[in-house]
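Results of the structural survey
Spelled out from the first residue to the last, the chains are:
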Amino acid sequence: MGEDVAIRALTESGTVRALTCVTTQLVNELQERHQTWPVATAALGRTASIAAMMGLLLKGEERLTVQVKGDGPIGSIVVDADAVGHVRGYVDHPHIHLPSNALGKLDVGGAVGSGLLHVMRDLGMRDVYRGSSELQTGEIADDFTYYFAVSEQTPSAVGAGVLVGTDNRVIVSGGFIVQLLPGHTEEDVRMVEERVAAVPSVTDLLVNGVDAEGLLTCLLPDARVLGVQPLSFQCLCSRERLAAVIESLGPAEIEGLIAEQGGAEAVCHFCNERYNFDADELRAMLHRG
Ligand SMILES: [Zn+2]
């Protein structure tokens, strides 16, 4: 199996941009860490693929957070990505099972429901960009297509797919974003519409051995590759960060934890790592505070 990568490419004219990615191993790691069931794996995996590609448009230390806040049974999906291919994410309720939809596919739209898509870009120097749009179908790719159009004024075609096996593991995962940039022509619009319509589903392509570069060739055969970024799971949590969360509960709460549990356990939402603090460590926090 090839490694996970995201690719950024631009047409000669500079008016059409394409991003493609393969995220099979990344989404498998998310599945394993959160023990997601298939419909949650698909929803989280599609979101992670799109966030990973959007990360390629960031610079330096910039980060972005995507929140899909629907009213469906899986609750919210949250994914973080940076400019160098690090991605982490979770879904509120990973253990949800729904019957297949009318197409015989995982009912991601039903699992996500209706609500809002939020994108926050932390651009450093306390500069944060926030954009939001209403979820269209809850199928994720459609929701981002709408988001790019209304919130970023960038007409886009977005595709994302995750194929889950009967053992709950991810067989393939990946996606693409094609965007019309300022100065694009009617010819560009027609070309993109034709190419996107001609591309089979992302998972069909990936199952047949197509990689991120192959996806790009299908979408924009003449585009010039500007960057290839390996992708990997990475969390930012640490013992110190979770200790700070416990400290912020305040002395009364911490005394309670010592008396009732003789310690405390804190779990990172993003990676499901567990951090244990014994009574002595909690007492030390009280003295510091
Ligand atoms: Zn973590």
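Here the structure is shown first, and the text comes after it.
I will try to describe carefully the structure that is included in this document. (Residues numbered from 1 in each chain as written. Predicted model: local features only at pLDDT ≥ 70, side-chain atom pairs only at ≥ 80, totals over all residues.)

Examining the overall build of the protein chain
In terms of regular secondary structure, the protein chain is built from 10 helices and 13 strands. Here the protein chain has a C-alpha radius of gyration of 21 Å; the compact-globule value for 289 residues is 19 Å, and the two agree. Each principal axis of the C-alpha distribution contributes one length, and for the protein chain these read about 70 × 45 × 35 Å. Considering the protein chain as a whole, with its 289 residues, one finds that 43% of them fall into the buried category. For the protein chain, the proportion of contacts with a sequence separation of at least 24, taken over those separated by at least 6, is 65%. (Helix = DSSP H or I, 4+ residues; strand = E, 2+ residues; numbered from the N terminus. Rg over C-alpha atoms; globule rule 2.2 N^0.38 Å. Buried ≥ 20, exposed ≤ 12 C-beta atoms within 10 Å, placed from the backbone. Contact = placed C-beta atoms within 7 Å.)

Describing the nonpolar core
By size, the foremost hydrophobic cluster in this structure holds 74 residues, and its most contacted members are Ala 6, Ala 18, Ala 43 and Ala 51. Apart from residues no more than four positions distant in its own chain, Ala 18 is found in contact with Ala 9, Phe 176, Val 178, Leu 216, Leu 219, Leu 220 and Ala 223. In this structure, Ile 254, Ala 264, Phe 277 and Leu 282 belong to the second largest nonpolar core, which totals five residues. (Core = buried A, V, L, I, M, F, W, Y, C linked by C-beta atoms within 7 Å.)

Focus: the pairing of strand E2 (residues 16-22)
With respect to burial, E2 is a largely interior element, seven of its seven residues being buried. Of the two faces of E2, the one lined by Val 16, Ala 18, Thr 20 and Val 22 and the one lined by Arg 17, Leu 19 and Cys 21 are each fully buried. Pairing geometry for strand E1 (residues 5-10) and E2, over six bridges, is antiparallel. For Leu 10, the partnering residue across the bridge sits in E2 and is Arg 17. Between E1 and E2, which follow one another and run antiparallel, lie five residues, and Gly 14 among them has a positive phi close to 75°. Both E2 and strand E9 (residues 170-180) contribute to a ladder of seven bridges, which runs antiparallel. (Pairing = 2+ DSSP bridges.)

Observations regarding unusual backbone geometry
Trans peptide bonds make up the majority, and among non-glycine residues the majority have a negative phi. Phi is positive for Gln 35, which is not a glycine, with a value near 50°. Along the chain, Gln 35 turns up in the loop between helix H1 (24-34) and helix H2 (38-55). Phi at Asn 168 takes a positive value of approximately 75°, unusual for a residue other than glycine. Note on placement: Asn 168 falls in the loop between strand E8 (156-164) and E9. For Asn 168, a count of 13 C-beta atoms within 10 Å puts it in the partly exposed group.

A short note on the packing of helix H9 (residues 251-261) against helix H10 (residues 279-288)
Across the interface, H9 lies against H10 with an axial gap of 10 Å and an inter-helix angle of 160°. One way to sum up the angle between H9 and H10 is to call them roughly antiparallel. Once H9 is placed against H10, the crossing between them reads as left-handed. The segment H9 lies against H10, with Pro 251, Ile 254, Leu 257 and Ile 258 engaging Ala 279, Leu 282, Arg 283, Met 285 and Leu 286. The residue makeup of the contact of H9 with H10, split by class, is eight nonpolar, no polar and one charged. (Axes fitted to C-alpha atoms, helices over the stretch in contact; angles between N-to-C directions. Parallel < 35°, antiparallel > 145°, perpendicular 65-115°, else oblique. Left-handed = near helix turned anticlockwise from the far one by under 90°. Nonpolar A, V, L, I, M, F, W, Y, C, P; charged D, E, K, R; others polar.)

Describing the pairing of strand E5 (residues 86-91)
Where burial is concerned, most of E5 is hidden: six out of the six residues are buried. Here E5 shows a buried face lined by His 86, Arg 88 and Tyr 90 and a second buried face lined by Val 87, Gly 89 and Val 91. When strand E4 (residues 76-82) meets E5, the two strands line up antiparallel, connected through five bridges. In the strand pairing of E5, Val 78 is matched with Tyr 90. What sits between E4 and E5 in their antiparallel hairpin is a turn of three residues, with Gly 85 showing a positive phi close to 85°. Two elements, E5 and strand E11 (residues 232-233), share two bridges in a ladder whose sense is parallel. Bridging across to E11, Val 87 finds its partner in Phe 233.

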